[in-house]
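These are the residues of each chain, in order.
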Amino acid sequence: NNHINDKGQAAIDADIAVWEKLKPLAVAGANRTPEEQMTVRYFTKNGVKIAFLAYADYSNNKNYTPYGLNIYHNTDLVERLLATARENADAVIVSAHWGTEDSNIVNADQTAAAQLFADNGADVVIGTGPHVLQQATYLTAADGRKTLVWYSIGNMLSSQLQVNELTGVIAGFTLKKQPDGGVRVERPTAQVTFMSYDWSTGDRAAGRLSARSNLQLRPLSQS
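Residues numbered from 1 in each chain as written. Predicted model: local features only at pLDDT ≥ 70, side-chain atom pairs only at ≥ 80, totals over all residues. Heavy atoms only, no water.

Asks: Honestly, helix 4 (residues 108–119) in this entry has me stumped. Any pointers?
Replies: Every α-helical turn comprises 3.6 residues, leaving residues that sit three or four positions apart pointing alike. With twelve residues, helix 4 should reach 16 Å at 1.5 Å per residue; the first-to-last C-alpha distance of 16 Å fits that figure. For helix 4, every residue scored as buried is listed here: Q110, A113, A114, L116, F117 and A118. Elements that come into contact with the buried residues of helix 4 comprise strand 2 (48–56), helix 3 (75–88), strand 3 (91–97), strand 4 (124–128), strand 5 (136–140) and strand 6 (146–150). Between the side-chain oxygen at the start of helix 4 and the backbone nitrogen of D109 there is a gap of 3.1 Å, and the oxygen is on N107. Directly beyond the C-terminal end of helix 4, a positive phi value near 115° is found at G121. (Helix = DSSP H or I, 4+ residues; strand = E, 2+ residues; numbered from the N terminus. Expected span 1.5 Å × (residues − 1). Buried < 20%, exposed > 50% of the residue type's maximum accessible area, 1.4 Å probe, protein only. Contact = heavy atoms within 4.5 Å. Polar contact = N/O pair within 3.5 Å; in protein donor to acceptor, adjacent residues only side chain to side chain.)

This is the structure:
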């Protein structure tokens, strides 16, 4: 995202090292070397090999290495990584950190980038960045495929202040292998979440952010 380079390349390196120890399915979007930037991350789930790519709109800290983070305005990088992913995976998921903060309206940059991802082989695009929910839709790619795009799933773990900033969704969908060897994206779902915390009236009025406590993320239906 736009904050990953706030403390420079050394912090990116340290951040990736921490994630590697946690052993998630895939980590992408920030890199320690030029070679790492050009390496697509894959994982397999229920017999489906999935490529995972991630891009941001910009960096708050404009001083960054050419390889440290993936910016989707670098169309050559987008096209090269997606071509590799499409060739070697059954399905391709792209994470995009973009959009106008605190706006439910999808902007022109998002729609253009989403179409770029779709045309170059993305099956699913999951957007973050605006801090609030935005629409989900299908785009038609250049080759006629349908790409599922979640323009913004809102926030998950956060301690922001407004109700719409504390609301998010866990994006769900099914990847179904087809007889021709392709994969179809089916049955999109959204599990709505809400981030809550305790904050007394007095502390809230005084703006004492550090006084918040008991932070909990729950399904909205249980909040």
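From this point, things continue past the structure.
Asks: I tried to follow the pattern of salt bridges on my own but got confused; where do I start?
Replies: Side-chain pairs of opposite charge can arise whenever the charged atoms involved come near each other. The final tally for this structure, using the stated rule, is ten salt bridges. A salt bridge links R145 to D123; the shortest N-O distance between them is 3.7 Å. In this pair, R145 is assigned in the loop between strand 5 and strand 6 and D123 in the loop between helix 4 and strand 4, connecting sequence segments 22 residues apart. Looking at D123, the relative accessible area reads 4%, which means it is buried. Between E186 and R187 there is a salt bridge, with the nearest N and O atoms lying 3.4 Å from each other. For E186, a relative accessible area of 12% gives the class buried. Each of R86, D123, D143 and R145 takes part in one network of salt bridges that share partners. (Salt bridge = Lys/Arg side-chain N within 4 Å of Asp/Glu carboxyl O.)

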